[in-house]
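# Structural description and commentary
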Protein chains: 2
Amino acid sequence: MPDVAAYAIDSPTGHYARTTITRRDPGPTEVFFDIHYAGICHSDIHTARGEWGPINYPFVGGHEIAGIVSRVGSEVTKFKVGDRVGVGCFVDSCGECEMCRQGEEQFCTAGPGEGAVWTYNGIGRDGLPTAGGYSTGITVEQDYLMRVPDSVSLEHAAPLMCAGITTYSPLKRWGAGPGKRVGIVGMGGLGHMGVQFAAALGAETIVFGRTLSKRDDGLKLGASDYVSTQDRDAMKALRGTFDLIVTTVSDGTDLDGLLGLLKAHGVLVNVGLPEKPSSLRLGVLTGQAKVLAGSNIGGIAETQEMLDFCAEHGLAPIVEIIPADGIDEAYDNVVASKVRYRYVIDASTI
Amino acid sequence: MPDVAAYAIDSPTGHYARTTITRRDPGPTEVFFDIHYAGICHSDIHTARGEWGPINYPFVGGHEIAGIVSRVGSEVTKFKVGDRVGVGCFVDSCGECEMCRQGEEQFCTAGPGEGAVWTYNGIGRDGLPTAGGYSTGITVEQDYLMRVPDSVSLEHAAPLMCAGITTYSPLKRWGAGPGKRVGIVGMGGLGHMGVQFAAALGAETIVFGRTLSKRDDGLKLGASDYVSTQDRDAMKALRGTFDLIVTTVSDGTDLDGLLGLLKAHGVLVNVGLPEKPSSLRLGVLTGQAKVLAGSNIGGIAETQEMLDFCAEHGLAPIVEIIPADGIDEAYDNVVASKVRYRYVIDASTI
């Protein structure tokens, strides 16, 4: 049983500190890999601080993980020692239910945890609580690992495992491509990947931010325009012109306003998790057959496709590498929207 | 200029009475047809009573119209005198905008009325207010007429022009078919067509009503089950099992509850127009990538396809034929949900 170093938090209001956790020996079809980098996702913060409900402490966050394989089980066929790999928000599922068969393992209905097993705050197939990527190594079933393409660095690969797939999946599913006008609302960890994907898929891409402070970055990443949602005239001029909008903000989304930007049959996809119920005029959907959809990461095959797409088009997140003892400060900066655009923990500092 | 008899209402609180209105002579590509039947849609009532905003009186309702061609313009190629035809909610559009080119003329963005020209409460290409089907004849551009299949009677064809296409279109667009479980919420004029379409498309179809009073009819029309939305245990047992739900009720829809019935990636389509904003937990959409969509009638080609589908599968609305002097009473009965399932005016009584 390999012991690995990790950073854990011991209460909703506590601080992260170095500790040691035990990973299981890789089973016949499992892989153990040395973690090199782990991204910090806002979900880590909500979970660690108990904002999404009570959890067990000590808690180790991190579901944007990249590293290099150092041990493989006897029947592992997909990976070998030295391979560059990544793992995202889940590490297991039943593999047999309707959703798993469709490659949508994140929506597994029959897995070991009554669904997919989440990378942290879940119960693994060994019956033990799962612990995330703020650590130096992890054991994962080979079917739940992605291969990181040669041209994608490991520090860039890490955030793609959640921020990347979260924005790539709805853009693909809802037809972002040539001839389409696509909006990305919010220019944060998710949004700054969304704009890259939408533009690389061939869509005319417009970013919506509260202010124009990140405008230059948005244009550099492929947007043809960057509009402040506070600019009423600009918003009005864009009404009825979008095929697809992906909103990555999780508070105070003006649904009626965003839906007004869509053409008939246009689609607004929300990937955030607002705490309060939203108000919605159903007539806005009905009148022009508009669509309001949710999206939640993506399956293993699609996550691999997204990584390959990044390699093909030279896309990468903009990251700030931090040492493990900077996690608390990083959390506060994420909450204050000060990060540009993703903190990634250098696991060699754990 | 043909004068035709019509029933018109002269104020939001007025009564329908016999009058005479003038239709234009059919232009080169237009058709005049003798109206045999006109259905009563709840939208007629909302419009006539000013509930959707002020309108011009006298007002002639009716956008579910079927009859027989009696005059054709010199360049009409699609229809001849004696043909059985129908017209629905709109009678014209630009024919050139993106939506028209896609066969979604109801969402025309550039038509004579700044969009499609509605069958009533619009302005026609002659610059005059349009008047609906509670009359004995109407002039329509040939491209906006449907052909009624031989095996579909005219009194059945009429309600299909709105109630039919309103439910057929979302079922087709969102994949109702073999292997899918489909819910129809509300067993009224729309819902009783929805259940027939869903079942004929091969889906396992379950109707949701407030009570079970229409259960026998629902099962006869093809439902495999009929569930009261007040039955908490039954509702709970169905959670997470639907691929698609079409809701036809326009007041007090419990969106979170209906969304809970869907599988991951499931779709809830609303075709009603509630007056008040609805409350929605976006997390319910996000968590399992669910979809909330609107739908609004359908284009000309799809409406024709729906009529042909009815002929092929022997589907028809259940109608109650009424004389024109019964419109007021019929309106009250529709509002009181007493109609089973569609009132159709016999135009020979006008």
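Residues numbered from 1 in each chain as written. Chains lettered and ligands numbered in written order. Predicted model: local features only at pLDDT ≥ 70, side-chain atom pairs only at ≥ 80, totals over all residues. Heavy atoms only, no water.

All right, on to the overall build of chain A then. Looking only at helices and strands, chain A has ten helices and 18 strands in total. In summary, chain A has a C-alpha radius of gyration of 20 Å against a globular reference of 20 Å for 350 residues, a match within 12%. Looking at chain A residue by residue over its 350 residues, the buried ones come to 59%. Counted over contacts in chain A with a minimum sequence separation of 6, partners at least 24 positions apart contribute 66%. (Helix = DSSP H or I, 4+ residues; strand = E, 2+ residues; numbered from the N terminus. Rg over C-alpha atoms; globule rule 2.2 N^0.38 Å. Buried < 20%, exposed > 50% of the residue type's maximum accessible area, 1.4 Å probe, protein only. Contact = heavy atoms within 4.5 Å.)

Let us now look at the interface of chain A and chain B. Chain A puts 36 residues into the contact, and the matching count from chain B is 36 residues. Of the roughly 2,900 Å² buried where chain A meets chain B, counting both sides, 61% is carbon and sulfur surface. Put simply, chain A and chain B have two salt bridges between them. Along the contact surface separating chain A from chain B lie 17 residue pairs in polar contact (both at pLDDT 80 or more). Broken down by secondary-structure element, the contributors of at least two residues to the side of chain A that touches chain B are α2 (98-101), β14 (262-270), β15 (278-280), α8 (282-287) and β16 (291-294) of chain A. Broken down by element, the residue count for the side of chain A that touches chain B peaks at five residues, all from α8 of chain A. (Buried area = accessible area lost by both parts, 1.4 Å probe. Salt bridge = Lys/Arg side-chain N within 4 Å of Asp/Glu carboxyl O. Polar contact = N/O pair within 3.5 Å; in protein donor to acceptor, adjacent residues only side chain to side chain.)

The next thing to look at is the relation of the copies chain A and chain B. For the pair chain A and chain B, the superposition axis carries a translation of 0.0 Å, the fit reaches an RMSD of 0.0 Å, and the rotation angle comes to 180 degrees. Both copies are brought into coincidence by an operation consistent with a two-fold rotation axis. Looking at the interface residues of chain A, 100% of them are also at the interface in chain B, so both copies use one shared face. (Least-squares fit on C-alpha atoms with pLDDT ≥ 70 in both.)

For the rest of this paragraph, the subject is the pattern of salt bridges. Taken as a whole, this structure holds 30 salt bridges over all chains when the rule is applied. Across the salt bridge formed by Glu98 of chain A and Lys263 of chain B, the nearest N and O atoms sit 3.0 Å from each other. With one member in each of two chains, Glu98 of chain A in helix α2 and Lys263 of chain B in strand β14 (residues 262-270) form a pair that bridges those chains. According to the relative accessible area criterion, Lys263 of chain B is buried, its value standing at 16%. Among the salt bridges present, the one from Lys263 of chain A reaches Asp243 of chain A, with a minimum N-O distance of 3.2 Å.

Turning to the nonpolar core, a few remarks are in order. Residues Phe33 of chain A together with Phe33 of chain B are the most contacted members of the largest nonpolar core, which totals 206 residues. In this structure, Phe242 and Leu282 of chain A together with Val185 and Phe208 of chain B belong to the second largest nonpolar core, which totals 36 residues. (Core = buried A, V, L, I, M, F, W, Y, C linked by side-chain atoms within 4.5 Å.)

Another point: the state of the cysteines. The final tally for this structure, using the stated rule, is zero disulfides over all chains. You can see Cys94 of chain B has no disulfide; the closest cysteine sulfur is in Cys108 of chain B, sitting 3.7 Å from it. (Disulfide = S-S within 2.5 Å.)

Turning to the packing of aromatic side chains, a few remarks are in order. Think of a pair of aromatic rings as described by two things: how far the centres are apart, and how the planes are tilted against each other in angle. All names here are of chain A. Under the counting rule described, the total for this entry stands at 19 aromatic pairs over all chains. Here the aromatic rings of Tyr16 and Tyr331 are separated by 5.4 Å at their centres, their planes lie at 80 degrees, and the arrangement is edge-to-face. In this pair, Tyr16 sits in strand β2 (residues 16-22) while Tyr331 sits in helix α10 (residues 327-335), placing the two residues 315 residues apart along the sequence. Accessibility assignment for this pair places Tyr16 and Tyr331 in one class, buried. (Phe/Tyr/Trp six-rings, centres within 6.5 Å; stacked < 30°, edge-to-face > 60°.)

Next up on the list: the domain arrangement of chain A. Residues and elements named next belong to chain A. As assigned here, chain A comprises domain 1 (3-153 + 316-349) and domain 2 (163-294). Here domain 1 and domain 2 have C-alpha centroids that lie 28 Å from each other. In this assembly, ten residues from domain 1 lie in contact with 15 residues from domain 2. Both faces considered, domain 1 and domain 2 share a buried interface measuring about 1,000 Å² in area, 50% of it formed by carbon and sulfur atoms. The tally of links between domain 1 and domain 2 comes to zero salt bridges. Among the residues making up the side of domain 1 that touches domain 2, the classes are represented as five nonpolar, one polar and four charged. (Domains from an automatic or database assignment. Nonpolar A, V, L, I, M, F, W, Y, C, P; charged D, E, K, R; others polar.)

All names here are of chain A. Here helix α3 (residues 154-173) contains 20 residues, and its C-alpha end-to-end distance of 27 Å stays within 8% of the 28 Å for a straight helix at 1.5 Å per residue. The largest bend in α3 amounts to roughly 55 degrees and is located at Leu160. Where α3 ends, the next residue or the one after it, Gly175, has phi of about 85 degrees, a positive value. (Expected span 1.5 Å × (residues − 1). Bend = angle between axes of the 7 residues up to and from the residue.)

Here twelve strands make up an open sheet; going across it, the order is β12(A)-β11(A)-β10(A)-β13(A)-β14(A)-β16(A)-β16(B)-β14(B)-β13(B)-β10(B)-β11(B)-β12(B) and the pairing mixed. Each end of this open sheet is capped by a strand with a single partner; those strands are β12 (225-228) of chain A together with β12 (225-228) of chain B. Across the sheet, the mean angle from the axis of one strand to that of its neighbour is 20 degrees, orientation sign disregarded. Note: strand β11 (residues 204-209) of chain B against β12 of chain B, four bridges, orientation parallel. Of the residues in β12 of chain B, the one forming a bridge with Gly209 of chain B is Ser228 of chain B. Along the sheet, helix α3 (residues 154-173) of chain B makes contact with β14 of chain A together with β10 (181-185), β13 (242-247) and β14 of chain B, crossing β13 of chain B at roughly 160 degrees. (Pairing = 2+ DSSP bridges. Axes fitted to C-alpha atoms, helices over the stretch in contact; angles between N-to-C directions.)

Residue and element names in this part refer to chain B. Running from amino to carboxyl end, α3 crosses helix α9 (residues 300-313) at an angle of 95 degrees, the nearest separation of the two axes being 9 Å. In terms of axis orientation, α3 runs roughly perpendicular to α9. Residue-level contacts link Leu160, Met161, Gly164, Ile165, Tyr168, Ser169 and Lys172 of α3 to Glu302, Thr303, Glu305, Met306, Leu307, Phe309 and Cys310 of α9. Of the residues that constitute the contact of α3 with α9, the class distribution is eight nonpolar, three polar and three charged. (Parallel < 35°, antiparallel > 145°, perpendicular 65-115°, else oblique.)

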